[in-house]
Amino acid sequence: MTTTNFSLLMALLLCTGGAARAQDKKLTGYTGNAATQQLELENRFDKQLSSSHIGETIKALSSQPHHIGSARGKAVAEDILQRFKSYGWDAEIVTYQVLFPTPKERLVELKGSTTYKALLKEPALKEDATSGQEGQLPTYNAWSADGDVEGELVYVNYGLPEDYEYLDRAGINVKGKIVIAKYGRSWRGSKPKVAQEHGAAGCIIYSDPKDDGYYSGDVYPKGAFKNEYGVQRGSVMDIVIYPGDPLTPNTGATANAQRLDRLQAPNLLKIPVLPISYHDATPLLQALEGPVAPDEWKGALPFTYHIGGGKARVHLKLSFDWQIRPCYNVIAKLKGSEQPDQWVIRGNHHDAWVNGAADPISGLAALLEEAKAIGALHKQGYQPKRTLVYCAWDGEEPGLLGSTEWVEDHAVELKEKAVVYINSDNNGRGFLNASGSHALETLVNEVARDITDPQTQVSILARKQASEVLKAATPKLKKEKLAKQGIAIGAMGSGSDYSSFLQHLGVPSLDFGFGGEDAGGEYHSIYDSYDDYTRFKDPGFNYGVALSQTAGHTALRVANTVTLPFDYRKLYETVNGYVNELTELTSSLRESTTIENQLIRDRKYQLTTDTAKHLSPPLLKSEVPYLDFSPLQNALTGLDTVTTSLAARKQLSAAANKALYQGEQQLLNDAGLPARSWYKHTLYAPGFYTGYGVKTIPGVREAIEQRRWKEAQEQIGIVAAAINRLSAYLGNIH
């Protein structure tokens, strides 16, 4: 888009923002004078927020390493507890006992004509005051298996299932070998999972500079991107099976909880896996022989990338302590005056892999600033109608431990009382990112309309809309985005503390954060520090204030409204779009399969593939049958009718509120998803091979993608039944 067009777009959005400010603003669930009073309350709330205080909180809480189970981790929890109490909240630490392994031994060495022993260490930098501290967790992947293995090294690109299909065509088998994969394109835990499925003996993951290193910009400390020694720590627990303490699925990990044998836990790997820097990866990759990697596999290191098949061998040795450790959740409450048994829950984790200034302290500082502001209002006489519950979770980094154990421990009470869960995690500079339950999409748009972006002085809604228009790939899509009223919120996968609320219990959930102008390579490294954050993430902490406003206004609006702001029309529209996607996916897959199989039968691959590459043609795939989507389509017709009728109702009784927030529970399937019963939501789940990335209508979508046709048809019926339950439930609201 030209500069002129961009100026016109911003002028249009500025006018739109001005129009919204000039007229009476609609607040869903509020009528007449109540809306004015709520906006006045939010204005008073905003005046209590301080960017400098957010910065002070980030500096204080990220001043030392504070992973789960560490002395400093406990001290951070106690600091947060005292802050809540000083703000006037009723607060306590709720402790669980969870498994969390830390390394005893780490070894990676190259053997053969060239030898190398990996450093496995990030150096301290004089420009980063906290990078040389004691108490840092070493570079490792939590939940790797113990192992002492040696084998031929094979480069597997990003370690995706399709990468192994290419290896099969190239005649390269990874069974009994050690694979090296790049970070990116999928969640880190998927990489060793797929390697294990293919028989690999071990897995190494490295960060290629093409993804977040010098290819993207100047490296730290000169710039924001990953230097040659930076390493991304992280969990490789198979959270798509279930998150939380792997020894206590479906049960809170209390001191007396019954525990599985660790070696029988279905979400733990059987092979060793370790992350390394691109400094350590370079000699390993250089030693590889065999076929030259395809163009799309090549990174930015200054040599030719080979797949392997030569004499390069690697010795990988890892062992861990496998200890049960305390997990300190901080839970603060402000009791509601009218509906104390309806809870508006707000959360962000406090544990970090190392110092964690961005992840998670930037989001936690915003949450604490909200609590401080609400506490100040409370001291002036404000009392929420519903109970506010503010939570600082421990153990999120290893696998959502603290939040999952609390949710499992309080499952019955939460299904009865939890109106909404509002999550945040790390925060930065840029654009609003919002995802969650789609019946809350209207609420999110109304909140975003009323908050000013600190850089452009338009609303954060207008700025997000501008971003979406500019990102649209075609003139047609740009036109559609310009015409669209508001923004669509994203669907939730996993990777943060909302997962157990939404996908296990059906508690309506939202996740907020800002970003897009804060790219870098510090993630889960020792360089996720206050020094890095103040230079490259949110230098003035202004987006910390924006996050406090966004999450705080949302919590206050839900807490104070007479009628809860659930718009099930938005849910219907979103699910209708998902079903259309599934029918198009099936048709497209059917057509592409037919064409691809014809190309294979006609020997087109053999005729066009460079014979020097010795690539076999792809295998023939089963033809795609015609699936019957009519149960889903008929269910959506019913949901359309019911939600239209509900939206037309001018007034709902106070008793209807409980039905409104418990409606999401109708979308649960007690049996859960195929092969992972912990995940019960029929609309949202993390993908089996994408991990953090969401799969919508996952039972159907993944069965189609993985060509399990009988299962796909069965899941269509299961999802249709869930939608019919929701329709019947909403139809009984009075």
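Owing to the predicted nature of the structure, the values given are computational and were not obtained by experimental measurement. Within any chain, residue numbers begin from 1 and follow the written order of that chain's sequence. Local features in a predicted model are, by the rule used here, given only for residues with pLDDT of at least 70; side-chain atom pairs are given and counted only at 80 or more, and totals for whole chains, interfaces and linings are based on all residues. Just so you know, side-chain values use all the structure's heavy atoms and leave hydrogens and water out.

A. The arrangement of the sheet that holds strand β15 (residues 430-436) in detail. Strands sit in the order β1-β11-β13-β12-β14-β16-β15 across an open sheet of 7 strands; the sheet is mixed. Whereas interior strands pair on both sides, the edge strands pair on one side only; in this sheet they are β1 (90-100) and β15. Averaged over neighbouring strand pairs, the angle between their axes works out to 20 degrees when direction is ignored. Where strand β14 (residues 418-424) lies against strand β16 (residues 509-516), 4 bridges are found, and the strand directions are parallel. Along β16, the bridge assignment pairs isoleucine 422 with leucine 510. We call two residues contacting when some pair of their heavy atoms lies within 4.5 Å. Helix axes are fitted to C-alpha atoms over the stretch in contact, other axes to C-alpha atoms as well, and angles between N-to-C directions run from 0 to 180 degrees. What counts as a helix is a DSSP run of H or I of at least four residues, what counts as a strand is a run of E of at least two, and both are numbered from the N terminus. Against the sheet, helix α18 (residues 542-560) engages β12 (339-349), β13 (386-393), β14, β15 and β16, with an angle of about 165 degrees to β16. A pair of strands is treated as paired once DSSP finds two or more bridges between them.

B. Quick peek at the pattern of salt bridges. Definition used for salt bridges: Asp or Glu carboxyl oxygen within 4 Å of a side-chain nitrogen of Lys or Arg. Tallied over the full model, the rule gives 31 salt bridges. Lysine 417 is the partner of glutamate 413 in a salt bridge, and the nearest nitrogen-oxygen pair spans 2.8 Å. Of this pair, glutamate 413 and lysine 417 both sit in helix α12 (residues 411-417), 4 residues apart, which is roughly one turn of that helix. Here glutamate 413 falls in the partly exposed class, since its relative accessible area comes to 28%. A relative accessible area of 18% places lysine 417 in the buried class. Across the salt bridge formed by arginine 429 and glutamate 517, the nearest N and O atoms sit 3.3 Å from each other. With arginine 429 in the loop between β14 and β15 and glutamate 517 in the loop between β16 and α17 (530-536), this residue pair connects regions lying 88 residues apart in the sequence. Classification of glutamate 517 by relative accessible area gives partly exposed; the value is 24%. Salt bridges sharing partners connect three or more residues here, namely Lys25, Glu42, Arg449, Asp450 and Arg557. Partly exposed describes any residue whose relative accessible area lies between the buried limit of under 20% and the exposed limit of over 50%, with all areas from a 1.4 Å probe on protein chains only and scaled to the type maximum.

C. Here's a closer look at the environment of leucine 564. Here leucine 564 lies in the loop between α18 and α19 (568-601). On the basis of relative accessible area, leucine 564 is assigned to the buried category, the value being 3%. Linking leucine 564 and threonine 474, residues 90 residues apart in sequence, is a C-alpha distance of 38 Å. Beyond its immediate stretch of four places on either side in the chain, leucine 564 contacts Arg386, Val419, Val558, Asn657, Leu660 and Tyr661.

D. Quick peek at unusual backbone geometry. With an omega of 15 degrees, the peptide bond between tyrosine 220 and proline 221 qualifies as cis. Along the chain, proline 221 falls in the loop between α7 (209-212) and β8 (234-235). The backbone of leucine 400 sits at a positive phi, close to 60 degrees, despite the residue not being glycine. Residue placement: leucine 400 occurs in the loop between α10 (396-399) and α11 (401-409). Positive phi, normally seen in glycine, also occurs at arginine 707, with a value near 60 degrees. When you line up the elements, arginine 707 lands in the loop between α23 (698-705) and α24 (709-731). Among the residues examined, arginine 707 registers a relative accessible area of 19% and is labelled buried.

Limitation: the analysis is restricted to geometry and does not speak to function.
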